[in-house]
Amino acid sequence: MNPLSLIPDTALAADATALVRDTAGELVYHHSRRVYLFGALQGRARGLAHDPELLYVGALFHDLGLGEKHRDSGRRFEVDGADEAAAFVRAHGLDEDAVRRVWTAIALHTTPGIPEFMEPEVALVTAGVEYDVLGIGYDDPGLVTPEERAAIVAAHPRPDFKNRILAAFAEGIAPKPDTTFGNVKADVLRHFVPGFVPGDFVTTIRESSWPE
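Below, the structure is looked at part by part. (Residues numbered from 1 in each chain as written. Predicted model: local features only at pLDDT ≥ 70, side-chain atom pairs only at ≥ 80, totals over all residues. Heavy atoms only, no water.)

Attention now moves to the environment of Phe61. Examined against the element boundaries, Phe61 turns out to sit in helix α3 (residues 52–61). Sequence spacing of Phe61 and Asp83 is 22 residues, and the spatial spacing of their C-alpha atoms is 9.6 Å. In contact with Phe61, not counting residues within four places along its chain, are Ala16, Leu19, Val20, Gly81, Glu84, Ala85, Phe88 and Ile106. (Helix = DSSP H or I, 4+ residues; strand = E, 2+ residues; numbered from the N terminus. Contact = heavy atoms within 4.5 Å.)

See below:
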């Protein structure tokens, strides 16, 4: 089977593709399509029945919060992307359960250990991200075969992807460093922003206003 055939052939999916291609640039576009395809394939392998349109929108929008328009929001980039996706889904007439699933899939995609226990769309966006960015599952042909992976990368190349996606993370998050407290993006700023000091949970507790 050609894995690209898993992409929904619907007006909603086409509109999502056009929006992301127009606003996010080729790095995020190709990465987001790979996230969908790797997530959908893992859903098939794991027997997770999911709504392909919702998974597609979740994957396509998951990094939109890194864009320039959100850099002064003061919020985590995941929330900014989730809000954009929620507005998009509502505008296409989907119900609030669909909105909630897409929003949650994006908002939690950098929070390991939780999405896998939630709805399939939530679990599979994170699974696709972890496969494409972290290589989790790469060596398991039961999830994605080498042939499927090769077909996906041929359609959506990843030249120097590791360095380029890290640079995109740093560029998108550096203007709001406080949003990295307690999450994985603090590691990005620690490597790429001179002088960055990540928030410390223990220090925050000890220095809180409580008198004891």
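What follows concerns the pattern of salt bridges. Under the definition given, this model contains 16 salt bridges. Across the pair Lys176 and Asp80 runs a salt bridge, and its minimum N-O distance is 2.9 Å. Residue Lys176 is located in the loop between α8 (161–173) and α9 (185–192), and its partner Asp80 is located in helix α4 (residues 77–91); the two are separated by 96 residues in the primary sequence. Asp80 carries the same exposure label as Lys176, and that label is buried. Among the ionic pairs, Asp97 bridges to Arg100, the shortest N-O distance being 2.7 Å. Taken together, the residues span about one helical turn, with Asp97 and Arg100 both in helix α5 (residues 96–107) at a distance of three residues. A relative accessible area of 33% places Asp97 in the partly exposed class. Here the residues in one salt-bridge network are Asp97, Arg100, Arg101, Glu119 and Glu121, joined through shared partners. (Salt bridge = Lys/Arg side-chain N within 4 Å of Asp/Glu carboxyl O. Buried < 20%, exposed > 50% of the residue type's maximum accessible area, 1.4 Å probe, protein only.)

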